[in-house]
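Fold and contact review
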Amino acid sequence: MIIDLRQLPGGISYDEDRGLATISAATQLDSVQTSLAAQDRSIPSGSCPTVGIAGLALGGGLGCDARRSGLTCDALVSASAVLPSGEAITASADDHADLFWALRGGGGGNFGVVTSFTFRTFPATDRDIATLVFPEGATAQAIAGWHEWLHNADHAIWGMVNITAGSGSGGCTIVLATPARDGPGRASDLSAAIGVHPVSNTSRTLNRIDFVHYFEGGAQATQPRAFVAGSDIIGEMTATAAESIVAATSTWPQPAGSATTVIESLSGSVSDVDSGDTAFPWRRQAASVQWYTEAAVEFANEWLANAHAAVQAYSVGGYVNYLEPDTPASRYFGDNLARLAAVRQKYDPDGLMYSGM
Ligand SMILES: Cc1cc2nc3c(=O)[nH]c(=O)nc-3n(C[C@H](O)[C@H](O)[C@H](O)COP(=O)(O)OP(=O)(O)OC[C@H]3O[C@@H](n4cnc5c(N)ncnc54)[C@H](O)[C@@H]3O)c2cc1C
């Protein structure tokens, strides 16, 4: 049985006195950000406009505010849920604390049906986006240099690396998000740290909603897109780890279209939380690597298998929100697995919930 929550009443409400937003489970991220931006507020979220707040927050929630505001689940203050027993509860640090811990990164569909989430918000301010393209031969150097520089940078700065293989490939793109009007300066700092001159370097200042739309792929990107994705969590971003990511990307079968590798840092506010403080375990690791393609499934699956193999020596697991079939839960939860299993056994002893893990 699939429960469709889209008709749940509630929507999005904002408590100005406490700075808290309460959001119905099935609300899509674009609605969340648009509605909060109208109040000059925001929460850390992911990039896809059509993703639901529930799945995102329950698995963690990695996005362009992560270094300054943490994961989506780190901003969670409480969650109302219907348990497999039929009981309706609200979990928080003070009530059903074990369930609250599990709902922050333990994956969707595991402990009960969450009906609404209450999040701490932050002020919606203008941000700069700086985009730097480095030549293809310098990709591994750019990844390693980016990682080290960002790891030590102010938490207000965020960045990701995109590498494309197949059609449209060529070099490595680094996108930085910085405080307004800081973009050009931070882009120069990054290039100097990498030690390679970018072939292109642009910066612009965006208001909050244009900033959100930029990562959504434009204001018109409201239709879900079909893709295949997987992930690896890189423990330490050494020079050889960076080279293995480049090698993994290049295993893409060239005539089959294109594929993109997206590297996001787990530093900054993400690592201010201890690994055992929420169910999301990757607080002391270097980066999440997402393998993404909209090409045919048979090519995608072959590439995923090759990419995982290429980075195996540096990978410590995967990100549960990029769930892959036939993958043990231990890959997603590391040292938090036993505690999650105990919470699941307590709240769903008969295994009523199904999450694909
Ligand atoms: C285009 C795209 C871009 C993405 N970008 C990012 C990104 O930038 N950062 C990131 O972290 N992730 C990203 N993701 C991954 C996304 O966070 C996950 O796919 C997430 O699980 C989607 O949640 P959903 O509620 O939309 O999907 P669903 O398929 O509805 O749910 C996902 C899982 O959660 C369970 N679930 C859903 N609602 C509830 C509920 N109310 N209570 C209990 N369980 C529930 C479901 O049973 C299922 O197991 C992206 C996904 C897409 C499609």
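Anything mentioned here points back to the structure above.
Computed from a predicted model, the values in this text were never measured in an experiment.

Moving on, we get to the sheet that holds strand β1 (residues 12-15). Sheet architecture is open: five strands sit in the order β1-β2-β6-β4-β5, paired in antiparallel fashion. Looking at which strands have only one partner, the edges of the open sheet turn out to be β1 and β5 (88-92). Strand-to-strand twist across the sheet, computed as the mean angle between neighbouring axes with direction ignored, equals 15°. Both strand β2 (residues 20-24) and strand β6 (residues 113-120) contribute to a ladder of five bridges, which runs antiparallel. Across the sheet, Ile23 pairs through a bridge with Phe117, a residue of β6. Of the strands in this sheet, β1 and β2 touch helix α1 (residues 29-37), which is tilted by about 35° from β1.

For the rest of this paragraph, the subject is the sheet that holds strand β12 (residues 228-234). Sheet architecture is open: eight strands sit in the order β11-β8-β10-β9-β13-β14-β12-β15, paired in antiparallel fashion. Since the sheet does not close on itself, it has two edges, and those belong to β11 (200-206) and β15 (315-317), each with one partner. The sheet shows a mean angle of 25° between the axes of neighbouring strands, direction not considered. Taken together, the two bridges between β12 and β15 define a ladder with antiparallel strand orientation. The residue of β15 that forms the bridge with Ile233 is Gly317. Lying on the sheet, helix α5 (residues 139-151) is in contact with β8 (127-134), β9 (158-166), β10 (172-179) and β13 (258-265); it crosses β9 at an angle near 165°. Sheet contacts for helix α6 (residues 183-194): β8, β10 and β11; angle to β8, the most-contacted strand, approximately 30°.

A few words now on the site of the ligand. What surrounds the ligand is a group of 22 residues, the closest being Ser47, Gly52, Leu62, Val114 and Tyr319. Within the backbone of Gly52, a nitrogen or oxygen atom sits 2.7 Å from an oxygen atom of the ligand. The fraction of the free accessible surface of the ligand (960 Å²) that becomes covered by protein chains is 69%. Elements that contribute at least two residues to the shell around the ligand include exactly α2 (53-59) and β6. Among the elements that make up the shell around the ligand, the one with the highest residue count is α2 (four residues). The residue makeup of the shell around the ligand, split by class, is 13 nonpolar, nine polar and no charged.

Moving on to the pattern of salt bridges. If you walk through the whole model with that rule in mind, you get 12 salt bridges. Ionic pairing is found between Asp189 and Arg186, a salt bridge with its closest N-O pair at 3.0 Å. Taken together, the positions of Asp189 and Arg186, both in helix α6 and three residues apart, correspond to about one turn of that helix. The network of salt bridges with shared partners includes Asp65, Arg68 and Arg208.

Below, the discussion takes up the pairing of β10. Sheet faces and side chains relate simply in a regular strand, where the side chains alternate between the two faces. Here β10 lies mainly inside the structure; six of its eight residues are buried. Where β8 and β10 come together, eight bridges link them in antiparallel fashion. Bridged to Thr131 within β10 is Val175. Alignment of β9 against β10, held across six bridges, turns out to be antiparallel. If you follow Ile163 over to β10, its bridge partner there is Cys172. Connecting β9 to the antiparallel partner β10 that follows it, the hairpin turn spans five residues, and Gly168 within it adopts a positive phi of roughly 80°.

The next thing to look at is the packing of α5 against α6. The N-to-C vectors of α5 and α6 enclose an angle of 120°; their axes lie 8 Å apart at closest approach. Here α5 is positioned oblique relative to α6, judged by the angle of their axes. Considering the relative orientation of α5 and α6, their crossing is right-handed. Contacts between α5 and α6 pair Gln141, Ala142, Gly145, Trp146 and Trp149 from the former with Arg186, Asp189, Leu190, Ala193 and Ile194 from the latter.

Aromatic rings considered in pairs are described by the distance between their centres and by the relative angle of their planes. Applying the stated criterion across every chain yields a total of nine aromatic pairs. Each ring, one from Trp158 and one from Phe215, has its centre 5.4 Å from the other, and the planes form 90°; the classification is edge-to-face. You can see Trp158 sitting in strand β9 and its partner Phe215 sitting in helix α7 (residues 208-216), a full 57 residues away along the chain. Each ring, one from Tyr319 and one from Tyr322, has its centre 4.9 Å from the other, and the planes form 85°; the classification is edge-to-face. Judged by its relative accessible area of 18%, Tyr322 is buried. Lying across the ring of Trp101, Arg339 places its NZ or CZ 3.9 Å from the centre.

Definitions and limits used
Residues numbered from 1 in each chain as written. Predicted model: local features only at pLDDT ≥ 70, side-chain atom pairs only at ≥ 80, totals over all residues. Heavy atoms only, no water. Pairing = 2+ DSSP bridges. Helix = DSSP H or I, 4+ residues; strand = E, 2+ residues; numbered from the N terminus. Axes fitted to C-alpha atoms, helices over the stretch in contact; angles between N-to-C directions. Contact = heavy atoms within 4.5 Å. Near = heavy atom within 4 Å. Polar contact = N/O pair within 3.5 Å; in protein donor to acceptor, adjacent residues only side chain to side chain. Areas by Shrake-Rupley, 256 points an atom, 1.4 Å probe, with all protein chains shown as cover. Nonpolar A, V, L, I, M, F, W, Y, C, P; charged D, E, K, R; others polar. Salt bridge = Lys/Arg side-chain N within 4 Å of Asp/Glu carboxyl O. Buried < 20%, exposed > 50% of the residue type's maximum accessible area, 1.4 Å probe, protein only. Parallel < 35°, antiparallel > 145°, perpendicular 65-115°, else oblique. Left-handed = near helix turned anticlockwise from the far one by under 90°. Phe/Tyr/Trp six-rings, centres within 6.5 Å; stacked < 30°, edge-to-face > 60°. Lys NZ or Arg CZ within 6 Å of the ring centre and 35° of its normal.

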